[in-house]
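# A closer look at the structure
As a plain string of letters, each chain reads:
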Amino acid sequence: MNDYVLVVDDEEVNRKLLVKILEAEYEVETASDGKQALQMLKAQPHKYAAIVLDLVMPDMNGFSFLEEYCSDAILQNIPVIVSTGDDNIECETHSLELGAWDFIRKPYNERIIHFRLHNAIERSRAQILRKLQHVEAFDSLTGLYGRDYFQKATREMLDAFPEEQYAMIRLDIAKFNLVNSFFGIHRGDEFLCEVADKIRQFVASKNHVTFGRMRADVFAICMSYEKESELSDLSYRFRKEIREIIPEFEMIPVFGFYLIKDLKMEVNDMYDNAKLATKICKGSYIQNYAFYQDEMSQDLIQEQRIVNMTRSALQEEKFVLFLQPKYDIQEGKFAGAEVLVRWKASDQKMISPGEFIPIFERNGFIMKLDFYVWEHACKLLRSWLDKGYDPMPISVNVSRVSVYNPKLVEVISDLVATYNIPPELFQLELTESAYTSNPYMIREAMKDLQKRGFTILMDDFGSGYSSLNVLKDIAVDVLKIDMKFMSDTEIPGRGENILASVVNMAKVLEMPVIAEGVEKESQVRFLKNIGCEYVQGYYYAKPMPAEEYEKMLFRDEEQALG
Ligand code: C2E
Ligand code: CA
Ligand code: CA
């Protein structure tokens, strides 16, 4: 009897293609979205030897599927091979972080698919075997305690030496799966053994300590400590050493610390709190450790609530576009607007983007939301043009995740072409921090967009560490400076001086400046004085529904048109 493979893809052609490729060696079953797949898997969890998963699907996409999958102790053992549409490294990395075992790219290469699938199934079998042999005490690979024994030993230590102060530490290695994918499992295993050795060395001087491997690349340490700085110091030194094991890959150990208050608490719960802390480091290169705080459980519940609502919100068009006018203070007239998205929740309450954008950036949903907003912005412009108005440009935000999309230029040009919008009416705001994290790709995409007639605004200029460097390398068209970055300075007058110099410098480079977040008349006066051209902020107008903006701006035209 052949092994069963589950193919999850919303496109029927892809499903058919994969069935055709796989059916010689496997029994293939299919599901058309993540939800259906989960139902099938949960009904018969031991049936399937592997899953081939498409990332982009309506209803439940691949990322959401992976999140549920990797929180299920049984499903986790079934290897998932992610199929990605294009060579989007960011998507691939993200899915590996979420527990995918490997990936294949479209268009499909039959031999690669067979090879990777076969490999993954072998690996999972070896892993299950190891689990069966050593459930009780030691992890056969590293020789550290396994999960159960770690918990037992920790309980005993805490009970025997209650006068000490303890921390529960969880440690995993960001992007560890890449080692397996690129160098094979053997190198991956070696790497894990080296990590285990380092842990041994680092805690060798401790009298009261337990440590173990919880699963794959996840380790736990429970140890006595004197000062908190001892712990952050540990994560810093550890990071340096781990980096040296595979220098070309920059593996980063991510630490979560839970400072144990109540020694009677379940060891498992202590570990869960440490795990919660690591969540806030994910995706951050700067911070590789975090301490658990009580709010974290609250935040997580809220985040889960938002994620659960997301799926239907897009289909039901619950996201609405607000527009915030920009004002030309030198000429004394309106000069277009920025599009800001709002989420109309069921109770008619508007959820602000500050709450959901960061979550969407983590789970990949932001790419869909960005597209949704861009398309609706095009529709809006189209409706104004059709009514005979002469609209001013509007700018949309491009999230840092969308910037990674190699097809960004194509997607945007196709969109404006579909709605027949002159590109000069459709401006793009890219946040400064996106430039610093991926300069080459962005530089090329921007040049291309500018060539096609789009205007690029650099959002949040001055918020990053290398704003001036960015300007040197990239020719943006307009700078946006948020007034809040200026008011953060401690020395009086310093913010104003910096602002004046930036405006001056922008003049030399022939770049207009928009000051955002302007709330007071005194700010307007100052900005006018230093020669800043444009202002956006509550002082002139708050973000408003599109209809209101339309009424405000086109009232006069309406009359003229009769
Ligand atoms: P941003 O792009 O820097 O947008 C400016 C933010 O400042 C907006 O917040 C706006 O409502 C707010 N603001 C404007 N004038 C004032 C003022 O005078 N005082 C104060 N205190 N605030 C002012 P909002 O709408 O909550 O958006 C927050 C952030 O969420 C945006 O920052 C942007 O990064 C993101 N965002 C909003 N809409 C979208 C979208 O459609 N797509 C993407 N990718 N991101 C979006
Ligand atoms: Ca913006
Ligand atoms: Ca901004």
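Here's a quick rundown of the structure. (Residues numbered from 1 in each chain as written. Chains lettered and ligands numbered in written order. Predicted model: local features only at pLDDT ≥ 70, side-chain atom pairs only at ≥ 80, totals over all residues. Heavy atoms only, no water.)

## Things to note about the overall build of the protein chain
Each helix and strand counted, the protein chain has 22 helices and 20 strands in total. For the C-alpha atoms alone, the extent of the protein chain along its principal axes is close to 85 × 60 × 45 Å. Looking at the protein chain residue by residue over its 562 residues, the buried ones come to 49%. Within the structure as shown, the protein chain displays about 27500 Å² of accessible surface, and the carbon and sulfur contribution to it stands at 50%. Between the mean site of the 65 positive side-chain charges and the mean site of the 90 negative ones, the protein chain shows a separation of 1 Å. (Helix = DSSP H or I, 4+ residues; strand = E, 2+ residues; numbered from the N terminus. Buried < 20%, exposed > 50% of the residue type's maximum accessible area, 1.4 Å probe, protein only. Areas by Shrake-Rupley, 256 points an atom, 1.4 Å probe, with all protein chains shown as cover. Lys, Arg positive; Asp, Glu negative; His and termini not counted. Charge placed at Lys NZ, Arg CZ, Asp CG, Glu CD.)

## Quick word on the coordination of the calcium ion (ligand 2)
In this structure, Glu-338 (OE), Asn-397 (OD1), Glu-429 (OE) and Asp-459 (OD) serve as the protein donors to the calcium ion (ligand 2), at separations of 2.1 to 2.3 Å. Written as a sequence motif, the donor arrangement for the calcium ion (ligand 2) is E-x58-N-x31-E-x29-D. Here the calcium ion (ligand 2) and the calcium ion (ligand 3) are spaced 4.0 Å apart, and both take Asp-459 as a donor. With Glu-338 in strand 12 (residues 333-344) and Glu-429 in strand 15 (residues 426-431), this pair connects stretches of sequence that are 91 residues apart. (Donors = N, O, S within 2.8 Å, 3.2 Å for Na, K, Ca; no water.)

## Remarks on the side chain of Thr-431
Note that Thr-431 resides in strand 15. Among the polar contacts made by the side chain of Thr-431, one reaches the side chain of Asp-460 at a distance of 3.4 Å. Beyond its immediate stretch of four places on either side in the chain, Thr-431 contacts Val-398, Arg-400, Asp-459 and Asp-460. (Polar contact = N/O pair within 3.5 Å; in protein donor to acceptor, adjacent residues only side chain to side chain. Contact = heavy atoms within 4.5 Å.)

## Description of helix 9 (residues 228-245)
For helix 9, which comprises 18 residues, the first-to-last C-alpha distance of 27 Å matches the rise-based estimate of 26 Å (1.5 Å per residue) to within 8%. Of all the positions in helix 9, only Leu-231, Ser-232, Leu-234, Ser-235, Phe-238, Arg-239, Ile-242 and Ile-245 are classed as buried. Angularly, the buried residues of helix 9 cover 145° about the axis, an arc narrow enough to put them on a single face. Relative to its buried face, helix 9 has exposed residues pointing more than 90 degrees away, namely Tyr-236 and Glu-244. For helix 9, the secondary structure elements touched by its buried residues are strand 6 (166-174), helix 8 (185-203), strand 8 (218-224), strand 9 (252-259) and strand 10 (289-291). (Expected span 1.5 Å × (residues − 1). Arc of directions from axis to C-beta.)

## Description of the sheet that holds strand 8
Taken in spatial order, the 5 strands of this open sheet run 7-8-6-9-10, and their pairing is mixed. The sheet terminates laterally at strand 7 (209-215) and strand 10, the two strands that pair on one side only. Pairs of neighbouring strands in the sheet enclose a mean axial angle of 15°, with direction left out of account. Sheet analysis places strand 6 next to strand 8, joined by 7 bridges and oriented antiparallel. Considered in strand 8, the bridge of Met-168 is made with Cys-222. (Pairing = 2+ DSSP bridges. Axes fitted to C-alpha atoms, helices over the stretch in contact; angles between N-to-C directions.)

## Quick notes on the coordination of the calcium ion (ligand 3)
Here the calcium ion (ligand 3) is held by Asp-459 (OD), Asp-460 (OD) and Glu-516 (OE), and the distances to it run 2.2 to 2.4 Å. Between consecutive donors of the calcium ion (ligand 3), the numbers of intervening residues give the motif D-D-x55-E.

## Describing the packing of helix 10 (residues 267-279) against helix 11 (residues 295-315)
The geometry of helix 10 relative to helix 11 is characterised by a closest axis approach of 10 Å and an angle of 65° between their N-to-C directions. Seen from above, helix 10 lies across helix 11 with left-handed handedness. The segment helix 10 lies against helix 11, with Leu-276, Ala-277 and Lys-279 engaging Met-296, Ser-297 and Leu-300. The residue makeup of the contact of helix 10 with helix 11, split by class, is 4 nonpolar, 1 polar and 1 charged. (Left-handed = near helix turned anticlockwise from the far one by under 90°. Nonpolar A, V, L, I, M, F, W, Y, C, P; charged D, E, K, R; others polar.)

## Here we look at the sheet that holds strand 4 (residues 80-84)
Backbone hydrogen bonds are what pair the strands of a sheet, in a parallel or an antiparallel way. An order of 2-1-3-4-5 is seen for the 5 strands of this open sheet, with the pairing classed as parallel. Each having just a single partner strand, strand 2 (27-31) and strand 5 (102-105) make up the two edges of the open sheet. Strand-to-strand twist of the sheet, defined as the mean angle between neighbouring strand axes without regard to direction, takes the value 25°. As paired strands, strand 1 (residues 4-8) and strand 2 are joined by 5 bridges and run parallel to one another. Looking at the pairing, Val-5 lines up with Val-28 of strand 2. Seen against the sheet, helix 2 (residues 34-43) touches strand 1, strand 2 and strand 3 (48-54) and runs at an angle of roughly 130° to strand 2.

## Thoughts on the packing of helix 8 against helix 9
Contact geometry for helix 8 and helix 9: axes closest at 11 Å, N-to-C directions at 145°. For helix 8 against helix 9, the interelement crossing comes out right-handed. Contact residues: helix 8 offers Arg-187, Phe-191, Glu-194, Val-195, Lys-198, Ile-199, Gln-201 and Phe-202, while helix 9 offers Leu-234, Arg-237, Phe-238, Glu-241, Ile-242 and Ile-245. Residues of the contact of helix 8 with helix 9, tallied by class, amount to 8 nonpolar, 1 polar and 5 charged.

## Here we look at a positive patch on the surface
A cluster of basic residues, Arg-147, Arg-215, Lys-275 and Lys-279, forms a positive patch at the surface. Overall, the relative accessible area of 33% leaves Arg-147 in the partly exposed class. (Patch = residues over 30% accessible without salt bridge, like charges linked within 9 Å, V, L, I, M, F, W, Y side chains within 5 Å. Salt bridge = Lys/Arg side-chain N within 4 Å of Asp/Glu carboxyl O.)

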